[in-house]
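# Notes for the structure review
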Amino acid sequence: MHPEEDPDPLDEEIEEAEEAEEAEEVEEVEEVVFADLPLPTLAELRGALDWAFEGEDVTPEYLDRCAAHALLVQETNRQMNLTKIVDPREIAAKHYLDCWRAARMLPVVGKTLLDLGTGAGYPGIPIALAEPNAHITLIDSTKKKTDFLERAVAELAIPNVTVVWDRAEEHLLRNRYDIVVLRAISSVRENVRLLRKVRHSLKDLVMLKGPSWSREVRAGEREAERLGFRLDTVWEHELPGEMGGRAVLVYRAPGGQGM
Ligand code: SAH
C-alpha cells in the first residue's frame, strides 16, 4: 500500500525515527568534531557580528550579548557537538543575523514562544535577547544540550528564557504557546506531522528555512492542510557575504483559529 493511503502510517514512522534517535543517545560514543579547533576570541566574534549586522537597526549592547553567547557555544563545542558552524562570520550571519531578522518580522512582543529543538539556543536565544517582553521556552530532547543551555542562560543572565528537557510533542500535550518556532529540525512536511497530535496547543507555527523553502512548502502542502495549518506569510531575506537566501514561514495553527 502507498504510505499516503494508509489510515495512519504516521505513528509507526515517527516511532521508528524516535527509536533510532534514542539508540543514538544511549551510545554516547560520539566523537567531538571540533575538539582541536582553535577558539575564536570574543573580539573576533564581536567584529564578525559588526560585519554581519551592517545596515541593521541594532544596538551595540545586543551584539555584545550575542558575542557572549557565541563564545560559550564555541567553547562548549570543543567538548560536545553543538554546531557545525565555526567560522566567526558564518556564526554571525547564519546563527545570529538569521534569528534576529526572524525576531524582527514576527509579532513576538508579549507572546509565549517555544523554540522546538533549540540545540545550542537557535533561534530562541537571539530572539529572547532582542525581545525582552517575549517569554521564550527552549526545548530539546537531548539532556547534554539542555544542561548547556541552563548554564548559558544563567551565565548570560537572560531573564525571559526557560529551558525544558523533553520531547516537544510530549511537552505540548500539557502546555500551550502563542508561537512554536523551528529551525533546522526537519522538512515542512515532517514538522507538521510531528505536531499533529498537539496542533491545538499553538496559534502560530513558524519555520526558519533555507533556499529550498518553496519546494518544501509544496511537498508539505497536503499534510499541512489536512492538519489545519494554513500558510499565512513568507518573508524572504538574504544573508551577507553570499551566504545564501533564507525564509521565515508563518503558518496559522488550529489552536489559533478556534478549531
Ligand atoms: N534549532 C537548532 C537545531 C539544532 S539540531 C539550530 O537551528 O541550530 C536539532 C535539535 O533538535 C537537536 O538538538 C535535537 O536534540 C532536537 N530535537 C529533535 N527532535 C526533537 C523533539 N521532537 N523534541 C525536542 N527536541 C528535538
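Anything mentioned here points back to the structure above.
Procedures and definitions
Residues numbered from 1 in each chain as written. Predicted model: local features only at pLDDT ≥ 70, side-chain atom pairs only at ≥ 80, totals over all residues. Helix = DSSP H or I, 4+ residues; strand = E, 2+ residues; numbered from the N terminus. Expected span 1.5 Å × (residues − 1). Bend = angle between axes of the 7 residues up to and from the residue. Buried ≥ 20, exposed ≤ 12 C-beta atoms within 10 Å, placed from the backbone. Near = placed C-beta within 6 Å. Nonpolar A, V, L, I, M, F, W, Y, C, P; charged D, E, K, R; others polar. Core = buried A, V, L, I, M, F, W, Y, C linked by C-beta atoms within 7 Å. Contact = placed C-beta atoms within 7 Å. Pairing = 2+ DSSP bridges. Right-handed = clockwise from strand over helix to strand, strands pointing away. Axes fitted to C-alpha atoms, helices over the stretch in contact; angles between N-to-C directions. Parallel < 35°, antiparallel > 145°, perpendicular 65-115°, else oblique. Left-handed = near helix turned anticlockwise from the far one by under 90°.

## Remarks on helix H4 (residues 88-105)
Here H4 is 18 residues long and its end C-alpha atoms lie 25 Å apart, about the 26 Å a rise of 1.5 Å per residue gives. The sharpest bend along H4 comes to roughly 30°, located at Leu 97. In terms of residue burial, H4 counts as a mostly covered element, since 14 of its 18 residues are buried.

## Concerning the site of the ligand
Around the ligand lies a shell of 17 residues, among which Gly 117, Gly 119, Ala 168, Arg 183 and Ala 184 are the nearest. Here the shell around the ligand is built from residues that sort into 7 nonpolar, 5 polar and 5 charged.

## A look at the nonpolar core
The biggest cluster of nonpolar side chains holds 68 residues, and the ones touching the most others in it are Leu 49, Leu 113, Ile 127, Ile 179, Val 180, Leu 205 and Val 206. Among the elements that line this core, the one with the most residues is H4, at 9 residues. With residues up to four places along the chain from it excluded, the contact list for Leu 205 reads Val 180, Leu 195, Phe 229, Tyr 251 and Ala 253.

## Brief notes about the pairing of strand E3 (residues 161-165)
Bridge count for strand E2 (residues 135-140) against E3 is 5 bridges, and the pairing is parallel. The residue of E3 that forms the bridge with Ile 136 is Val 161. Between the parallel elements E2 and E3, the chain passes through helix H6 (residues 143-155) in a crossover that is right-handed.

## A closer look at the sheet that holds strand E7 (residues 244-252)
An order of E3-E2-E1-E4-E5-E7-E6 is seen for the 7 strands of this open sheet, with the pairing classed as mixed. Strands with a single pairing partner mark the edges of an open sheet, and in this sheet they are E3 and strand E6 (230-239). Strand-to-strand twist of the sheet, defined as the mean angle between neighbouring strand axes without regard to direction, takes the value 20°. Note: strand E1 (residues 112-116) against E2, 5 bridges, orientation parallel. Note on E2: the bridge partner recorded for Leu 114 is Thr 137. Relative to E6, H4 is tilted by about 135°, and along the sheet it contacts strand E5 (202-209), E6 and E7.

## Topic: the pairing of E7
Pairing of E5 with E7 involves 6 bridges; the strand directions are antiparallel. Opposite Asp 204, over in E7, you have Arg 252 as the bridge partner. Looking at chain direction, E6 and E7 are connected through 9 bridges and run antiparallel. Counted as the bridge partner of Glu 236 is Ala 247 from E7. Hairpin connection from E6 to E7: 4 residues lie between these consecutive antiparallel strands, with Gly 241 at a positive phi of about 65°.

## Points about unusual backbone geometry
Cis geometry marks the peptide bond from Tyr 122 to Pro 123, where omega comes out at 5°. Here Pro 123 is to be found in the loop between E1 and helix H5 (124-130). In the Ramachandran plot, Ala 184 falls in the positive-phi region, its phi being about 55° despite a non-glycine side chain. Mapped onto the elements, Ala 184 comes out in the loop between strand E4 (177-183) and helix H8 (188-194). Within the chain, Glu 242 stands out as a residue other than glycine whose phi angle is a positive 55°. With respect to the helices, strands and loops of the structure, Glu 242 is situated in the loop between E6 and E7. You can call Glu 242 exposed: it has 6 C-beta atoms within 10 Å.

## Some thoughts on the packing of helix H2 (residues 42-52) against helix H3 (residues 60-76)
At a closest axis distance of 9 Å, the pairing of H2 and H3 adopts a crossing angle of 130°. In terms of orientation, H2 lies oblique with respect to H3. In this structure, the crossing between H2 and H3 has a hand that is right-handed. Taken together, the residues of H3 that come into contact with H2 (itself represented by Leu 42, Leu 45, Arg 46, Leu 49 and Asp 50) are Leu 63, Asp 64, Cys 66, Ala 67, Ala 70 and Leu 71.

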